[in-house]
Amino acid sequence: MTKTAHDNRWTGHSAPTAPPVQSRSERPRSFNVLDFPRVRGDEPDWKYTPVGKLQDLLTGPLEDARLQIESSGTAESELFWVDRSDPVIGGAGTPEDRASANAWSHFGRALHLSYAGAAGDVTTVGRHSVSSEPTAAHTIIDVAPGSRGTIVIRSGGLARLTENLEIIVGDGADVTILALQQWSDESVHLASHFVKVGADAHLTHIVISLGGELVRVNPTIHLEKSGASTDALGLYFPGAGQHFEQQVYVHHDAPRSRSRVNYKGALQGDGARGVWIGDVLIGARGTGTDTYEQNRNLLLTDGTRADSVPNLEIAAGDIVGAGHASATGRFDDEQLFYLKARGIPELEARRLVALGFLVEIIQKVPVPTLAEELIADVQRRVTASSLSD
C-alpha cells in the first residue's frame, strides 16, 4: 500500500485501519447496536470470551424479557415497570460493547427500583427462568440521597440473556448492592452495570457468580462527584466447562474519590475458566484520589485457567495513592504445613485453605442469612473437589 505525494488519498486494495483502542477510556460508546462492528473474538474486550457460544445475543433480534419477579424488603422503596422512553433511562452510562448495545436496542420495558432505605434495611429482587430464547432486559436502581441499606438482585433458573443495569447513588448515600448469579448450568448471561456515585456517597458493589455455563458481568463505576467512594468486590467459582468473566472499570472523575477493588476466584474441574480485567482511570479532575485494585485466583484442580489483567491509567498529578496487584496459583505450602503440623489431614487442610480464601468476600455481604447460605454453597463445592496439587 502506498501514499501519493500530492494528496492524502491512499492507493491499494484497502483503506488504512484505525489504530487499536489502547485503554478502556478510549472505547467507543453508543446506544445503537449498529454503531458497533460484529464481534470476531480478537478484540481487546472480547478476546478472553468464547464468543462462538453467544453470537445470537450479539447479532440477532432479542425478545423483550418478561422476567418472573419476586421482591421483598423492609425499605421505603417501590418496584415498577417503565417504558423505554422514560427519562430516567440512560442517566448512568452508555454501552461500550455490542452485547450491551444490543440489549439496549431491543428491550421494551425497564424494571425500576426506587430505593429510600435506612441502616439495616434489605430489599431483594429475585429473577427466575427468564427464557431459553435470546432475550434483552433493562433494570434501573435509583438510590435516594442519604439512603442506607442493602439491595440484592438474585438471578436463577434458565436464561439466555443480555442486559443492562443502571445504578444511580444519590449524594450522601451509603448502600450495598449485590448481584448474585445462580443460573442453571446451561444458561448464558451477559450483563453491563453502569454506576454513578454522588457527592460523599459510598457504594459497596458485590458481584458473585456461582452458576451458569457462561456468565460475563462488566461493572462500570463512575465516581463523578467530590468525596464519592466505592468498594467493588467479587467472587466467582466456575466448575468444569464453566466460564465466569468480570471486566471492572472505575473512573475517578472528581476530587477526593476513593476506590478499593477486590475480586477472588476459585476454579475446579476440567475446562473451568475465570477472567478478571480491572481498569482504573484517574481523570484530570481526580486530585486526591485513593485507589487500589487486586485480583486473586486459586486453582483447585488441574485443567483450569485464570486470566487476570489489572490496568491503571493516571491523568492527575496530585493523588493520595494508586496501585494494583494480581496473583494466580495453587495452595500455599506454608499454610498447608501449618495445618498439617497440627494434626489436620492434608485433604481437610486444603479444604480449609480454599474456604478461608473465599469467605473474605462473602463476609462483606451484610445479610447474615444470605451470607450463611453462600458459605454453605462454597463449602459444598470445595468438599466435592479432588483438590489436586
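What counts and what doesn't
- Residues numbered from 1 in each chain as written.
- Predicted model: local features only at pLDDT ≥ 70, side-chain atom pairs only at ≥ 80, totals over all residues.
- Heavy atoms only, no water.
- Pairing = 2+ DSSP bridges.
- Helix = DSSP H or I, 4+ residues; strand = E, 2+ residues; numbered from the N terminus.
- Axes fitted to C-alpha atoms, helices over the stretch in contact; angles between N-to-C directions.
- Contact = heavy atoms within 4.5 Å.
- pLDDT = per-residue confidence, 0-100.
- Phe/Tyr/Trp six-rings, centres within 6.5 Å; stacked < 30°, edge-to-face > 60°.
- Buried < 20%, exposed > 50% of the residue type's maximum accessible area, 1.4 Å probe, protein only.
- Lys NZ or Arg CZ within 6 Å of the ring centre and 35° of its normal.
- Polar contact = N/O pair within 3.5 Å; in protein donor to acceptor, adjacent residues only side chain to side chain.

K.L.:
Explain the sheet that holds strand β21 (residues 321-329) to me, using residue names and the numbers behind them.
P.N.:
In spatial order, the strands read β4-β7-β9-β11-β13-β15-β17-β19-β21; together these nine strands make up an open sheet with mixed pairing. In this open sheet, the two strands that pair with only one neighbour each are β4 (68-73) and β21. Within the sheet, the average angular offset between the axes of one strand and its neighbour, ignoring direction, is 10°. Here strand β11 (residues 174-183) runs beside strand β13 (residues 202-211); their pairing, made up of nine bridges, is parallel. Among the inter-strand pairings, Leu180 is bridged to a residue of β13, identified as Ile208. Set on the sheet, helix α5 (residues 368-384) makes contact with β9 (148-157), β11, β13 and β15 (229-236); between it and β11 the angle comes to about 40°.

K.L.:
Tell me what's going on with the confidence of the model for the protein, and back it up with residues and numbers.
P.N.:
Caution applies to low-pLDDT regions: their predicted coordinates should not be interpreted in detail. Taken as a whole, the protein shows an average pLDDT of 89; of its residues, 90% reach a score of 70 or greater. Within the model, the stretch residues 1-16 combines pLDDT values under 50 with eleven contacts to residues more than four positions away or in other chains.

K.L.:
How would you summarise the packing of aromatic side chains if you had to cite specific residues and measurements?
P.N.:
Each pair of aromatic rings is reported with the distance of its centres and the angle of its planes. In the structure shown here, the tally under the stated rule is two aromatic pairs. Ring centres 6.2 Å apart and planes at 70° place the aromatic pair Trp104 and Phe194 in the edge-to-face group. Pair noted here: Trp104 is in helix α2 (residues 98-106) and Phe194 is in strand β12 (residues 188-197), with a separation of 90 residues, a long-range link. The class for Trp104 is buried, based on a relative accessible area of 5%. An aromatic cluster is defined as three or more aromatic residues linked by ring pairs; in this entry it consists of Phe31, Trp104 and Phe194. Over the face of the ring belonging to Phe357 we find Lys264, whose NZ or CZ atom lies 4.4 Å from the ring centre.

K.L.:
For the side chain of Ser30, give the residues involved together with the corresponding values.
P.N.:
With respect to the helices, strands and loops of the structure, Ser30 is situated in the loop between β2 (10-11) and α1 (55-59). On the basis of relative accessibility, which here comes to 12%, the residue Ser30 falls in the buried class. Among the polar contacts made by the side chain of Ser30, one reaches the main-chain amide nitrogen of Asn32 at a distance of 3.0 Å. Polar contacts involving the side chain of Ser30 include one to the side chain of Asp35, which spans 2.6 Å. Those residues within four positions of Ser30 in sequence are excluded, and the remaining contacts are Asp35, Phe36, Thr94, Pro95 and Ala101.

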